[in-house]
Amino acid sequence: MKKIITFVLTTVLLSSCLGISNNGVFNPEKAKDFNLVRSISVKVQMPTEGTRCLIFDEYPFDEHMSITTTPVLIGYSPIDKVLNVPKASKKLYMLANGEVTEFANANIDFQGTPIEAGTRAAGDESMTTITDGLYTYIWNLYPNDMQNIPDTKRQTCTDLVIGEPTNVKISFVVGKNGINNELYWYKYKKNGTNYPSLTDVELHYIITDPGEQTGGSQPEPARGTTIELGDFDEGDYIGFAVKPTEGAYPVYKYSTPAFNQENYPDRNYGTQGIIRKIEYDGVEYLLLGMEDSFGRGSVVGGNDGEQNWADGDFNDMLCLIIANPIDKCKPENPIDPPALDPGQVIETGMWLFEDNYPEQGDYDFNDVVVKYRIIREDGASSAKAYLDFAATGASFHNNFGINGKWIISDGSLTGYKNVRPGQYTETQEVLFEEIPIEEGESYDSEGNVIKVIKFIPMLDNGRFKFDLETYNKHDYNFPNAFRIPSQNFKWCFEGKRIDAAYADYNAWVESGCSDALSGWYLGTVDESLIYTPQ
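In this text the structure is predicted, and so the values were computed from the model without any measurement.

Along its length, the chain carries five helices and 29 strands. Among the 534 residues that make up the chain, the fraction classed as buried is 54%. Put simply, of all contacts in the chain between residues at least 6 apart along the chain, 71% involve residues at least 24 apart. Roughly 23,400 Å² of accessible area belongs to the chain as shown, and the carbon and sulfur atoms make up 46% of that amount.

Pairing within the open sheet is antiparallel, and its six strands lie in the order S8-S13-S10-S18-S17-S16. At either margin of the open sheet sits one strand with a lone partner, and together these are strand S8 (126-127) and strand S16 (273-280). For strand S10 (residues 166-174) and strand S18 (residues 317-324), the ladder comprises seven bridges, and the chain directions are antiparallel. If you follow Phe 172 over to S18, its bridge partner there is Cys 319. Helix H2 (residues 132-141) rests against S10, S16, strand S17 (283-290) and S18 of the sheet, and its axis sits at about 135 degrees to S16.

When you tally the buried positions in strand S21 (residues 368-377), you get seven out of ten residues, the bulk of the element. Note: S21 against strand S22 (residues 382-402), eight bridges, orientation antiparallel. From the neighbouring strand, Val 368 faces S22, where its bridge partner is Thr 392. Counting the residues in the hairpin turn of S21 and S22 gives four residues, including Gly 379, whose phi is positive at 80 degrees.

Time to look at the pattern of salt bridges. A complete count under the given rule lists ten salt bridges for this structure. With its nearest N and O atoms 2.8 Å apart, the salt bridge here joins Glu 102 to Lys 91. With Glu 102 in strand S6 (residues 99-104) and Lys 91 in strand S5 (residues 91-96), the pair connects residues that are eleven residues apart, well separated along the chain. The salt bridge involving Lys 451 is made with Glu 441; its shortest N-O contact spans 3.4 Å. With a gap of ten residues between them, Lys 451 in strand S26 (residues 449-454) and Glu 441 in strand S25 (residues 438-443) connect regions that are remote in the sequence. Judged by relative accessible area, which is 58%, Lys 451 ranks as exposed. Residues participating in the shared-partner salt-bridge network are Arg 38, Lys 87 and Asp 515.

Cut-offs applied
Residues numbered from 1 in each chain as written. Predicted model: local features only at pLDDT ≥ 70, side-chain atom pairs only at ≥ 80, totals over all residues. Heavy atoms only, no water. Helix = DSSP H or I, 4+ residues; strand = E, 2+ residues; numbered from the N terminus. Buried < 20%, exposed > 50% of the residue type's maximum accessible area, 1.4 Å probe, protein only. Contact = heavy atoms within 4.5 Å. Areas by Shrake-Rupley, 256 points an atom, 1.4 Å probe, with all protein chains shown as cover. Pairing = 2+ DSSP bridges. Axes fitted to C-alpha atoms, helices over the stretch in contact; angles between N-to-C directions. Salt bridge = Lys/Arg side-chain N within 4 Å of Asp/Glu carboxyl O.

Now the structure itself:
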């Protein structure tokens, strides 16, 4: 709560925008719906049941082909869900088996088609049949968005150990990377627990994957392309190396951690390739996943001072290792694959409150600022809420809750934290469990009535209790809360109006809060009026 002086001109302008006549009478027919998200239905049927599918409201990959945004859904086909997505999103994206499919920001009804498995001979190369089911199984072992080995295993060697004379082939599955990569193999023997020197190892070229961003100058090898490595004896070790031919570090990166450390003794680099023994449809395979960028020591995605970078998904190049016989071949030190997340709907963003309810207040929307990440798992009767109470700008002692459950009830959301120039108080995300699930009705993108799950934040300013949906019901003339579908929104300094800070705000309101202008919070902003941590 603040004491402010409101100029007549501003009041008249805002009143005309929000459905209030000059005599102060509220006209509900002119009232605006300030909601910045819409509900959509998502139906996905992939050829293989259990295919892991992620839905995003923005393009998921950065220039390194690493996922940098949070999905709004993690699901396993078949999927039939209702999601809340930003009205401002131009497109929606589905990631399944390493491939991205684009959709309009509307209802999704997708029927996948099976992949084509190669079976033909091709010169000195042969083809291995990789069915849609096997392909899906491989991606579920090396998913894009996860760290696919634990930090504690970064220095573990999983090179292939040959237990009896064996013929070995490599079959290319797929590469999900942003650069051109060459794959090599090498053979060595160990002296007890000691690895040989790199000078004693001979590299043999296998195949090239041009990556995702080479402009189509070279096609990706056909899925199932198979190359024979040769015959190996008992006691042989087989390792693999990937060499990017572009970028900042076009050097060999080995599956043998000792070799990376020999090349870079001051970097403590770990393995760049993981081999796992798997079984699918009664057949045993060895699965190789390569990581084409270094990360320092056990810090996946870390920076060692020389801009080295890695995402730790080990799917920059995926290959099957085919051995005959295979039962005597095994990784030196097996590493279990990651446990996949259960199906879940994920909602992220920020809630901004004006605590002068039912009055307008100073319209800076910083009295309580909450960053939220809410996860609702399939079949769960409640949700988990990860909340960061990032700012307060209030003299009221506010309480906060979700769906009728009060989370902060001691009036501690008060005072002026992170709302003034030069001010910074560190905050962090805190987990709150057993958040009630509230069901309601909404309209999807085609105007159909659908059942939706709602998470409605509430504030108690000591005089009134109100929630995010109060204004959506058009009970009052202006919003007292906003749901911003972004955790990167910059809230206003104390006493600075949101319609002054964000240039497109008034145009959005004057348009009747149209979907076309709903991205005002992503547009031009007056940096002198908003809070940025220093």
